Amino acid sequence: MDGGDVLRFRPRELFDDPGRYDTTGSYDRFPFPSAGKGSLGDLTQVVLVGDQVLTVRRRPVQGSEFEDAVLDLEERGLYRRPGPPPPPPAPPEPPRHEQHLAWLARIVGGEAALRSLDLDPLVATELDLESVPEHLRGRVEGIAQRVEQWAAPLLGEEGLAAARLLLTRAVAAEPGLLRSERDDIAAGAVLYAVAKGNDLVGTGRPLRVSVFQAVCGLRSSPADRGHSFAYAAGGGPAARPGWSSWAMHHEPDVVPLGTPDMLLSRFRRRVAAERDIALALRAHTPEEEP
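Residues numbered from 1 in each chain as written. Predicted model: local features only at pLDDT ≥ 70, side-chain atom pairs only at ≥ 80, totals over all residues. Heavy atoms only, no water.

**Let's talk about the packing of helix α5 (residues 183-197) against helix α7 (residues 223-233)**
Selection rule: Only C-alpha atoms enter the line fits that serve as axes; for helices the fit covers just the stretch in contact. Angles between N-to-C directions range over 0 to 180 degrees. For helices the rule is a DSSP run of H or I covering at least 4 residues; for strands it is a run of E covering at least 2, with both sets numbered from the N terminus onward. Should an angle lie under 35 degrees it is considered roughly parallel, over 145 roughly antiparallel, and from 65 to 115 roughly perpendicular; all remaining angles are considered oblique. In this scheme the crossing of two helices becomes right-handed for a clockwise turn of the near helix relative to the far one and left-handed for an anticlockwise turn of less than a right angle. Residue contacts are counted whenever heavy atoms from the two residues lie within 4.5 Å of one another. All residues other than Ala, Val, Leu, Ile, Met, Phe, Trp, Tyr, Cys, Pro, Asp, Glu, Lys and Arg, Gly among them, are scored as polar; the first ten of these are nonpolar and the last four charged.
The interhelical angle for the contact between α5 and α7, taken along N-to-C directions, is 70°, at an axis separation of 7 Å. The angle between α5 and α7 falls in the class roughly perpendicular. By crossing handedness, the relation of α5 to α7 is classed as right-handed. Residue-level inspection shows Ile185, Ala186, Ala189, Val190, Tyr192 and Ala193 of α5 in contact with α7, the latter providing Ala223, Arg225, Gly226, His227, Phe229 and Ala230. Residue classes in the contact of α5 with α7 are distributed as nine nonpolar, two polar and one charged.

**Concerning the pattern of salt bridges**
Our working rule: Salt bridge, as applied in this entry: a Lys or Arg side-chain nitrogen positioned within 4 Å of an Asp or Glu carboxyl oxygen. Burial classes follow relative accessibility: with a 1.4 Å probe on protein chains only, a residue under 20% of its type's maximum area counts as buried, one over 50% as exposed, and anything between as partly exposed.
All chains considered together, the criterion is met by 14 salt bridges. Between Arg59 and Glu65 there is a salt bridge, with the nearest N and O atoms lying 3.2 Å from each other. We classify Arg59 as buried; its relative accessible area is 6%. The closest approach of N and O atoms between Glu74 and Arg81, which form a salt bridge, is 2.6 Å. Salt bridges sharing common partners tie together Asp199, Arg205, Arg270 and Glu274.

**Quick notes on α5**
Note on helix geometry: an α-helix contains 3.6 residues per turn, so any two residues three or four positions apart are oriented the same way. Worth spelling out the cut-off: How far a helix is expected to stretch is found by multiplying one less than its residue total by 1.5 Å.
Between its first and last C-alpha, α5 extends 21 Å over 15 residues, near the 21 Å set by a 1.5 Å rise per residue. The buried fraction of α5 is high, at 14 of 15 residues. Positioned one or two residues after α5, Asp199 has a phi angle of 60°, which is positive.

**Observations regarding the nonpolar core**
Filter applied, for reference: Buried Ala, Val, Leu, Ile, Met, Phe, Trp, Tyr and Cys residues form a nonpolar core when they are joined through side-chain atoms within 4.5 Å.
Counting 61 residues, the largest nonpolar core has Val147, Leu166, Leu191 and Phe229 as its most contacted members. Secondary-structure elements contributing two or more residues to this core are α2 (96-108), α3 (111-115), α4 (137-173), α5, α6 (209-216), α7 and α8 (265-283). Per-element accounting of this core gives the leading share, 16 residues, to α4. Beyond its immediate chain neighbours, meaning those up to four positions away, Leu166 contacts Val190, Ala193, Val194, Phe229, Ala233, Leu257 and Met262.

**Considering the packing of α4 against α7**
Between α4 and α7, the least distance of the axes is 7 Å, while the angle of their chain directions is 75°. When the axis of α4 is compared with that of α7, the two are roughly perpendicular. Side by side, α4 and α7 meet where Leu166, Leu167, Arg169, Ala170, Val171 and Ala173 of the first sit next to Phe229, Ala232 and Ala233 of the second.

**Observations regarding the pairing of strand β2 (residues 52-60)**
For the record, the criterion: Two strands pair under a simple rule: DSSP has to find at least two bridges between them.
As defined by bridge partners, strand β1 (residues 42-49) adjoins β2 across eight bridges and the pair is classed as antiparallel. Along β2, the bridge assignment pairs Asp42 with Pro60. In sequence, β1 turns back onto β2 through a hairpin of two residues, with Gly50 there showing a positive phi of about 65°.

**What to know about the environment of Ala233**
Assignment of secondary structure puts Ala233 in helix α7. Distance from Ala233 to Ala172, taken between C-alpha atoms, is 8.4 Å for residues 61 residues apart in sequence. Not counting residues within four places of it along the chain, the set of residues in contact with Ala233 comprises Leu166, Arg169, Ala170, Leu257 and Met262.

**Observations concerning the packing of aromatic side chains**
Given two aromatic rings, one states the distance between the centres and the angle between the planes to describe the pair. Note the threshold: Centre distance within 6.5 Å is the pairing criterion for rings of Phe, Tyr and Trp, where only the six-membered ring of Trp is used; planes under 30 degrees apart are then read as stacked, over 60 as edge-to-face, and the remainder as tilted.
Under the criterion given, the structure shown has one aromatic pair. Aromatic pair Tyr192 and Phe212: ring centres 5.9 Å apart, planes at 75°, arrangement edge-to-face. Taken together, the positions of Tyr192 in helix α5 and Phe212 in helix α6 put the pair 20 residues apart, joining distant regions of the chain. With a relative accessible area of 5%, Tyr192 lands in the buried category.

**Here's the deal with the confidence of the model for the protein**
Stated formally: The pLDDT score gives, residue by residue, the confidence of the prediction method on a 0 to 100 scale.
When pLDDT is averaged along the protein, the result is 82; 80% of the residues meet or exceed 70. Confidence drops under pLDDT 50 across residues 1-37; counting only partners more than four residues distant or on other chains, this segment forms 53 contacts. Note that pLDDT drops below 50 for residues 238-243; the model gives that stretch nine contacts with residues more than four away or on any other chain.

Printed below as a string of C-alpha cells:
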C-alpha cells in the first residue's frame, strides 16, 4: 500500500494537554479563532440517529482535532482554503442627467446653492483677515499683495475677488498650508485654484499651467499646492465624504471650490445653463418602478 490515500497527522501542541478540550462532545470550551482571511474554513458536523438528523454544528478548522488532516489535504492539493466572500453588487447608476446634476451641485456647494445660483459678477472687497489666525495675518497680507498684482492679467477683477476669499478661507481652515516661507508659491497656488475651479486651465482652455509659472516666476507647477488650497477652502473630494464616484467625474473638469462666491459669473452662467438642461431631461424622463 503506497499510502497515497491515507491522511497523515502531525502532533499539535493544542492537544498535548487533554484538559484543553472537552471529551464529552461539546466544543464550546475551545478557544477557536473565527474564520477570516487566510483561515482554513469551517467544519460541519452532522449528528444522526438512524436516518434522522439531530443537530448540525459549524466551527473553525483551526484549533480542532481535524486541523492536521485539513492541512495534509491542502498540501496534497485536495483542499483549497475558502476565499473572501464576493463583494456585494454595485447599485445601479442614476441616469446621466441625474449624474450631471449631482456634479453641478458638487461644484457650487450643494443642491440648494445650485437651485438659487446668482449670476451677477463678483465684486472685489477688502481683504478680510478676521477668520485667519492672528500669527499668520502678516503672511496672508503679503501673499494677498502678490495675488492682487497677478490676478488682473490672469483672471480679471472677478478673479481677484475669488482669490481673496479662497486665500483667507483656506488658511483659516488649514494654517499648515503656509508651512513654506515662499509667498510667491502660495500666491501662484491660490490663483491656479481659482482658475481650475472656474474651468480656465487645461487643454482647450484659455490658460495653461506654464502661464502661472511664468507670471508668478515659479520654477515648478503650482497645481498640487493649488488643489490643497481648494480643498481647504471647502471644495474637493476630501471635503464631501460619501459622494459616489459617478458624481465626481463629469464635465466641466474642475476642482470644486465649495461655494458660488468663488465662481466667476461667466462660469456660473454655464453651470446654470447645464442645470436647466438636466432639469428639463429629468422632467421628461419617466420614473422607474421600484
